[in-house]
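Coordinate analysis (summary)
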Amino acid sequence: MASSCSALSANLRTLPNPSFPRSPLLRIPLTPRFFAVNHGFSSLRLNSSSSSYSCRRTKASMAEIVTPKSKGKVVVFDSEEDLSVSLAEYAADLATKISREKGSFTVVFSGGSLVKSLRKLVEKPYIDSVDWSKWHVFWVDERVVPKDHPDSNYLLAYNEFLSKVPIPASNVYAISDALSAEGAANDYETCLKHLVKTKILDQSQTNGFPKFDLMLMGMGPDGHIASLFPGHSLVEENKKWVAFIEDSPKPPPKRISFTFPVINSSANIALVVAGGSKASAVYSALADVSNSEVLPVQLVEPEGELAWFLDKDAASKL
Ligand SMILES: O=C1O[C@H](COP(=O)(O)O)[C@@H](O)[C@H](O)[C@H]1O
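The name recorded for the protein in an unreviewed UniProt entry is Probable 6-phosphogluconolactonase, from Erythranthe guttata. Its UniProt record gives the protein a comment under Sequence similarities (unreviewed entry), which states: "Belongs to the glucosamine/galactosamine-6-phosphate isomerase family. 6-phosphogluconolactonase subfamily."

This part is about the UniProt feature "domain: Glucosamine/galactosamine-6-phosphate isomerase" (unreviewed entry) in the protein. Here, UniProt's "domain: Glucosamine/galactosamine-6-phosphate isomerase" (unreviewed entry) annotation points to residues 79-308. Helix makes up 30% of residues 79-308 and strand 17%. Its end C-alpha atoms lie 14 Å apart.

Side chains three or four residues apart in an α-helix point the same way, a direct result of the helix having 3.6 residues per turn. Counting buried positions along helix α4 (residues 153-160) yields six of eight residues, so the element is predominantly enclosed. On its buried face, α4 is in contact with β7 (105-109), α2 (113-117), β8 (135-139) and β9 (141-143).

Below, the discussion takes up the nonpolar core. L216, M217, L271 and L310 are the most contacted members of the largest nonpolar core, which has 90 residues in total. With near-sequence residues (within four places) excluded, L271 lies in contact with M217, M219, V300, L306 and W308.

Within a regular beta strand, the side chains point alternately toward one face of the sheet and then the other, so they alternate between its two faces. The element β7 is largely enclosed, with a buried count of five among its five residues. With burial as the criterion, each face of β7 is covered, one bearing F105, V107 and F109 and the other bearing T106 and V108. Pairing analysis gives five bridges linking β7 to β8, with the strands arranged parallel. Considered in β8, the bridge of V108 is made with F138. Sheet analysis places β7 next to strand β12 (residues 214-217), joined by three bridges and oriented parallel. If you follow V107 over to β12, its bridge partner there is L214.

Before going further, it helps to examine the site of the ligand. In the neighbourhood of the ligand, 14 residues make up the surrounding shell, with S110, G111, G112, S113 and G218 lying closest. Counted by class, the shell around the ligand contains four nonpolar, eight polar and two charged residues.

To continue, consider unusual backbone geometry. Put simply, K124 and P125 share a cis peptide bond, and its omega is 5 degrees. In this structure, the amide linkage connecting P251 to the following residue, P252, adopts the cis form with an omega of -5 degrees. The residue P252 is located in the loop between β13 (242-245) and β14 (255-258) in this model. We note that K199 has phi near 70 degrees; this positive angle belongs to a residue other than glycine. Following the sequence through the fold, K199 ends up in the loop between α5 (181-197) and β10 (202-203). Non-glycine residue A226 carries a positive phi angle of around 50 degrees. Among the secondary structure elements, A226 is positioned in the loop between β12 and β13. Assessed through the 30 C-beta atoms surrounding it within 10 Å, A226 is described here as buried.

Conventions we followed
Residues numbered from 1 in each chain as written. Predicted model: local features only at pLDDT ≥ 70, side-chain atom pairs only at ≥ 80, totals over all residues. UniProt positions renumbered as here; feature names shortened; annotations may be inferred. Helix = DSSP H or I, 4+ residues; strand = E, 2+ residues; numbered from the N terminus. Buried ≥ 20, exposed ≤ 12 C-beta atoms within 10 Å, placed from the backbone. Contact = placed C-beta atoms within 7 Å. Core = buried A, V, L, I, M, F, W, Y, C linked by C-beta atoms within 7 Å. Pairing = 2+ DSSP bridges. Near = placed C-beta within 6 Å. Nonpolar A, V, L, I, M, F, W, Y, C, P; charged D, E, K, R; others polar.

Written out as structure tokens, the structure reads:
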């Protein structure tokens, strides 16, 4: 198909073997709302006098928090470095399992800090063990700028990820930078429809929206995900697969975004959030409090599984 979302080049380069520094004991206060469960720890101690628990890591320091079911599995890491180690393992395992089952793996990237948190996935052992030929890569949102512009989500993913792994260029479905916002959104939707027809993309049996195997997403400090911002009408869009926005509160103003029905049809979503500036939005999303404004991140409820990867600063208000 002559869609502009078709193939963009990815060159094949590998990185040197990384070394993972050990991180110290993790301590997180316990609140009545949340409690920790043992999840791969070499030890877990409950300390009743200080109302806190501590745990030592096996691979990375982490604590799992139990929340109401729809909010997914929440794991808190001692550092963003530990988070990135675990995120790589999660994505590689899922990709391997799904590639074996279906012969392909459809994965969606956001822009922003998420992309840097994927850095361990393009290092050993995954650079060698993952079958990259099975990957089909998409974007949950894009800014209406040329592909070589510093604001381009494609450029970020290319520099940090795609240029380092042997994903076939024909499996990289970038959003067009040659069209208006509206034109690029329509073009990407046409591209996704074609890929559903040709069975590269699954379709939700429930609602007919495309069903991606994995969406890897960040969240902004205001609780936005993709280019779906608090209070913006795009959050309500329930017919289109891909929509456009020309008044984004975060620059640049013109963007293209998957809509919530597409996001929530996913088989798996990983929400990856690090840093204290995002602690309030994380609290709104995961604590059982009712606030007047529902943040976009609170509307993430996939058909499949939701996994939160938080560092301890992002989880500091829980
Ligand atoms: O503008 C955007 O922001 C969000 C969050 O970015 P972060 O740097 O705060 O993690 C990102 O997920 C989205 O793709 C991007 O277009």
